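Observations on the model geometry
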There are 2 protein chains.
Amino acid sequence: MELDERKKIILKAVIRNYLETGEPVGSRTISKYTDLNLSSATIRNEMADLEEMGYILQPHTSAGRIPSDKGYRFYVDTMMEEKDREVVELKEMLLERQDKMETLLKQVAKVVAQNTQYAAMISAPSTHRNKVKFIQLSRLNATQLIAVIVSEGNIIKNNIIPVAEEISDENLLKFNILLNTHLTGLSMEEINLGIIAALKQQAGVHGNIIGEVIDAVGDAIKADDDLEIYTSGTNNIFRYPELTDNGKASELVGTFEEKQQLGTLIQETLEDEAGTGIQVYIGEESPVQSMKDCSVVTATYELGEGMKGTIGIVGPKRMDYDKVIGTLRTIQSKLDELYKKD
Amino acid sequence: MELDERKKIILKAVIRNYLETGEPVGSRTISKYTDLNLSSATIRNEMADLEEMGYILQPHTSAGRIPSDKGYRFYVDTMMEEKDREVVELKEMLLERQDKMETLLKQVAKVVAQNTQYAAMISAPSTHRNKVKFIQLSRLNATQLIAVIVSEGNIIKNNIIPVAEEISDENLLKFNILLNTHLTGLSMEEINLGIIAALKQQAGVHGNIIGEVIDAVGDAIKADDDLEIYTSGTNNIFRYPELTDNGKASELVGTFEEKQQLGTLIQETLEDEAGTGIQVYIGEESPVQSMKDCSVVTATYELGEGMKGTIGIVGPKRMDYDKVIGTLRTIQSKLDELYKKD
DNA sequence: TGTTAGCACTCAACATCAAGGAGTGCTAAC
DNA sequence: GTTAGCACTCCTTGATGTTGAGTGCTAACA
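Overview of the nonpolar core
- Formed by 144 residues in total, the largest nonpolar core has its most connected members in Met291 and Tyr321 of chain A together with Met291 and Tyr321 of chain B.
- Once residues lying within four places of it in the same chain are set aside, the contact partners of Met291 of chain B are Leu252, Thr255, Phe256, Leu262, Leu265, Gly283, Ser286, Val296 and Val314 of chain B.

Following this line, the structure appears as structure tokens:
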């Protein structure tokens, strides 16, 4: 069977109505709601077809129809074609320039959650392809050095390095020059074994310390990998009974607190990124188990120079996709602007 | 009326039974449960007295009794007298020495939550009374300095300082010596206007920059105040219907995510600290609105030298106070040990 | 051939009602 | 002071009926 024009109109009407009310929608409603001028009986026949085709389903025999995952998918796809540039006015949107990346991200998550009334999460931009901008070793005391590593985007990392023997001021200065000349401007991937060997050689007798230092630098960089994710509006899930019934709330709250599983979502988004960087996971499509009853919309944002992160919105399948996608687009561009002012 | 010995026994029996079952407990149950050898009728009379005195209450006319806040308070107080040193075996307790304070705290929260099956939170130890150990200014580029401040306990803070005019290497070195000689060993409160004025004077022409630097140092220290709190096991609240019915879950989850309100709890605990550093807030006693239906047990822990933080456990009023307090005691001593190995 | 009116049917939701039972308060007897 | 007995309360549970929204099917219509 084919999804002809009339079926499409009816399907959209069913979905749109369900998004608004959250109640199963019947044939009579559609008959009045659309301007097709068809009787409820005709609509019923079409709806039976749509059900057979898997776009809608009945919670029980004598109830109206609700969209299936496949139905939502159809809706999202056609909707995204139609209004690709819908601008959404954000209430109380205040994203000031923040020194601290952490504060900025928390703020973004909060704004997104408040505007959409769904749960929001945001991952810190990966520093993966980031370049080292500045390294400094200082002596904290006889047995400890402190390494400060600054990368593009002014992400600062510290690490305390224990050392066996004391290092003279002279050597410390030498190390600093050595490290900065050799490592500045390199991305983390580019610091390979060859460079490390060369550094060790030039460090002479204190070569072993250079080893420890490089390890520490590696540590500092890896530490960033262990997903910094901020969430906001987790409690918005309680607005939607279908997410919180039957103990589902517990799982979802757990996922949002643990953040580990959110990482897989972020990962997935970053990997198969489409043109606009916005993706919609409906129900079973979601890579996260606890979100099989939700829809998840993710967007990659960019703070320039490959500093990519992900924003995610989690809500019921009957979420307001228009608004959510619009909000994410707006946020994307706001973040873009923010960086350009730099 | 007086709370005589028999009444105490009955009250305790009621509470203990209610802690186990979560159901209102009737006179017949108590008559069998205790070894008082009293008939249910006698118990009934006593229970009527206890209700009049406000220790227990009836959900409805023909139901058994449940403890009131006052009842719980009595129970907790007498219980804490009796077994002040109960040792609780912690399952899977693995607190390894962690370089990163953050990782350690998250781990503690997780261990506590898993062991007690309640929601747990932990605040980072305050660096308030902490002493400056090391300050270093470095030049990031022509217009930016980076300040690294290390305090006792190796808490590291960074701050980027924008500067109008470029500073020579020579001056930078001078500044560093100046800052370290004057500020090292001082607590944050001790850095007063007098010292700042003296520093500015000695800095000469670049005095204004010193001002900015001090401000940044202040910033770095204040930044720590904005409560680093980690939570774990928030979803444990779903184990207890009395915490999640009627939309209460939403509020609680919100509180745990926002963390701001948890701050007041932490604050309160740190302020009126008793001997053992453990406090119990039952129902209305809690300073946090959303926890008026919960009990909260908090404990201050110490990582030596005035580095005090707070651990909190949030659960239903019918929580297993014995176990919770035992767990907190154990954690307290483990953390103490951990620091001593330093 | 597509559309529609009509009708019997289904089923969740809701209200009503009775039975069961846990527990109480009170009274009178021990 | 303690206890047995009894009437009473009120939640809980399950059964029963009613309502209403919505369906599928059929036959008639354009």
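Observations regarding the sheet that holds strand β4 (residues 132-141) of chain A
Residues and elements named next belong to chain A.
- Read across the open sheet, the three strands follow the order β4-β5-β6; overall the sheet is antiparallel. The two strands at the open ends of the sheet, each matched to only one other strand, are β4 and β6 (155-162). Within the sheet, the average angular offset between the axes of one strand and its neighbour, ignoring direction, is 20°.
- Here eight bridges tie strand β5 (residues 144-151) to β6, and the two strands are oriented antiparallel to one another. By the bridge assignment for β6, Ala147 is matched with Asn159.
- Strand contacts of helix α6 (residues 169-183): β4 and β5, with the helix running at about 165° to β4, the strand carrying the most contacts.

Considerations on the interface of chain B and chain A
- Contact residues are listed per partner, giving 27 residues for chain B and 28 residues for chain A.
- Contact between chain B and chain A buries roughly 2500 Å² in total, counting both sides, with carbon and sulfur atoms accounting for 55%.
- Scanning the region where chain B abuts chain A turns up two salt bridges.
- Of the charged contacts in the structure, one is a salt bridge between Glu258 of chain B and Lys110 of chain A, with a shortest N-O distance of 3.8 Å.
- Where chain B meets chain A, there are ten residue pairs in polar contact (both at pLDDT 80 or more).
- Of all the secondary structure elements, the ones that give two or more residues to the side of chain B that touches chain A are β4 (132-141), β5 (144-151), β6 (155-162), β7 (229-232) and α10 (248-258) of chain B.
- The element contributing the most residues to the side of chain B that touches chain A is α10 of chain B, with six residues.

Quick word on the layout of surface pockets
- By volume, the second largest pocket is sized at about 790 Å³.
- Lining the second largest pocket are 24 residues; nearest its centre among them are Gln136, Leu173 and Asn176 of chain A together with Gln136 and Leu173 of chain B.
- Mapped by element, the contributors of at least two residues to the lining of the second largest pocket are β4 and α6 of chain A together with β4 and α6 (169-183) of chain B.
- The leading source of residues in the lining of the second largest pocket is α6 of chain A, at seven residues.

Side note on helix α5 (residues 101-116) of chain A
- Along its 16 residues, α5 of chain A runs 23 Å from first to last C-alpha, staying within 8% of the 22 Å computed at 1.5 Å per residue.
- With its phi angle positive at about 65°, Gln117 of chain A sits one or two positions after the end of α5 of chain A.

Comments concerning the protein's contact with DNA strand D
- If you check the shell around DNA strand D, you find 21 residues, and the closest are Ser27 of chain A together with Arg6, Thr42, Thr61 and Ser62 of chain B.
- Protein-adjacent atoms of DNA strand D, using a 4 Å cutoff, are sugar or phosphate at a proportion of 71%.
- The contact in question runs from a phosphate oxygen of DNA strand D to an N or O atom on the side chain of Arg65 of chain A, over 3.0 Å.
- At 3.1 Å, a backbone N or O of Ser39 of chain B approaches a phosphate oxygen of DNA strand D.
- Broken down by secondary-structure element, the contributors of at least two residues to the surface near DNA strand D are α3 (40-52) of chain A together with α3 (40-52) of chain B.
- When the residues that make up the surface near DNA strand D are grouped by side-chain class, the tally is four nonpolar, 13 polar and four charged.

Reading the values: rules and limits
Residues numbered from 1 in each chain as written. Chains lettered and ligands numbered in written order. Predicted model: local features only at pLDDT ≥ 70, side-chain atom pairs only at ≥ 80, totals over all residues. Heavy atoms only, no water. Core = buried A, V, L, I, M, F, W, Y, C linked by side-chain atoms within 4.5 Å. Buried < 20%, exposed > 50% of the residue type's maximum accessible area, 1.4 Å probe, protein only. Contact = heavy atoms within 4.5 Å. Pairing = 2+ DSSP bridges. Helix = DSSP H or I, 4+ residues; strand = E, 2+ residues; numbered from the N terminus. Axes fitted to C-alpha atoms, helices over the stretch in contact; angles between N-to-C directions. Buried area = accessible area lost by both parts, 1.4 Å probe. Salt bridge = Lys/Arg side-chain N within 4 Å of Asp/Glu carboxyl O. Polar contact = N/O pair within 3.5 Å; in protein donor to acceptor, adjacent residues only side chain to side chain. 1 Å grid on protein atoms, 1.4 Å probe; cavity = no way out; pocket = protein on both sides within 12 Å on 5 of 7 lines; lining within 4 Å. Points joined across faces, edges and corners; volume = space filled by probe spheres on them. Expected span 1.5 Å × (residues − 1). Near = heavy atom within 4 Å. Nonpolar A, V, L, I, M, F, W, Y, C, P; charged D, E, K, R; others polar.

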